[in-house]
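If you want the building blocks of each chain, they are given just below.
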Amino acid sequence: SIHAYADRISNCAARGEEGEALLRQHCRRAVLQLILSERYAGYQHSSSVNSIKGAHLMPFDEYVNACLTKLKLPCLRPDERQELFVAYTPALELWRRVLVMIVIRNLLAPLWEAIILLDRLLFLAEKGHRAALVPLFDPLFSPRNYALVGLKSAADAAWFARMIATAVKNGNNIKDASLADAIFIL
């Protein structure tokens, strides 16, 4: 959530140089994606390189080699390392812009999530189905805290949504097979 990300930025700012290096890591990851798409034609996007320990403290060429190793791609030769430094240093200096874009994305994510859910809810209503958006837990944990619940029968969807919300709020799991058969979640 945006609150968690704001806390992360505040913590990084309080940590001085190491904190700035953590914030720069977003840009380093973006430039890595650029390098992979430009130099490794068969590469498919992967998030597996996010777990390189101490990546924010490594020189960029070592970070790229560690990522290439993790992705089982050939490492950079010494001459390629120098070329990499010259070609991508200007992009690495744009880390503040990348950080701003990430913050904007995090601010807008709940809005887009709500628009998509409401669109799906309206689609079901237009098709004559009874449906409701059910909050499953506190939105501070995740903006994806809603389930779209629709009923196949003519039963009251709002009643059913309240029943599920009450059960979840009370910490109960809904295991009644007849109820599970009556709903579908998109």
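Above this text is the structure in question.
Below, the structure is looked at part by part. Not measured: the values here are computed from a predicted model. (Residues numbered from 1 in each chain as written. Predicted model: local features only at pLDDT ≥ 70, side-chain atom pairs only at ≥ 80, totals over all residues. Heavy atoms only, no water.)

## Some words on the nonpolar core
Counting 23 residues, the largest nonpolar core has Val 31, Ile 35, Phe 60, Val 64 and Leu 84 as the members making the most contacts within it. Where this core is concerned, the elements lending two or more residues are helix 2 (17–39), helix 3 (60–70), helix 4 (78–92) and helix 5 (95–126). Considering every element that reaches this core, the biggest residue donor is helix 2, with 7 residues. Discounting residues that sit within four places of it in the chain, Phe 60 has contacts with Arg 28, Val 31, Leu 32, Ile 35, Leu 84 and Leu 92. (Core = buried A, V, L, I, M, F, W, Y, C linked by side-chain atoms within 4.5 Å. Buried < 20%, exposed > 50% of the residue type's maximum accessible area, 1.4 Å probe, protein only. Helix = DSSP H or I, 4+ residues; strand = E, 2+ residues; numbered from the N terminus. Contact = heavy atoms within 4.5 Å.)

## Observations regarding the pattern of salt bridges
Inspection of the entire model under this criterion finds 4 salt bridges. The salt bridge involving Asp 61 is made with Arg 81; its shortest N-O contact spans 3.3 Å. With a gap of 20 residues between them, Asp 61 in helix 3 and Arg 81 in helix 4 connect regions that are remote in the sequence. A relative accessible area of 22% places Asp 61 in the partly exposed class. Ionic pairing is found between Arg 77 and Asp 79, a salt bridge with its closest N-O pair at 3.4 Å. (Salt bridge = Lys/Arg side-chain N within 4 Å of Asp/Glu carboxyl O.)

## What to know about the packing of helix 2 against helix 3
Any two packed helices are characterised by how steeply their axes cross, that is the angle between the axes, and by the distance between the axes. Helix 3 packs onto helix 2 with a crossing angle of 60 degrees between their chain directions and a minimal axis gap of 11 Å. One finds that helix 2 runs oblique with respect to helix 3. Note on packing geometry: the crossing formed by helix 2 with helix 3 is right-handed. Taking contact as the criterion, the partners of Gln 25, Arg 28, Arg 29, Val 31, Leu 32, Ile 35 and Leu 36 in helix 2 are, on helix 3, Phe 60, Tyr 63, Val 64, Cys 67 and Leu 68. (Axes fitted to C-alpha atoms, helices over the stretch in contact; angles between N-to-C directions. Parallel < 35°, antiparallel > 145°, perpendicular 65-115°, else oblique. Left-handed = near helix turned anticlockwise from the far one by under 90°.)

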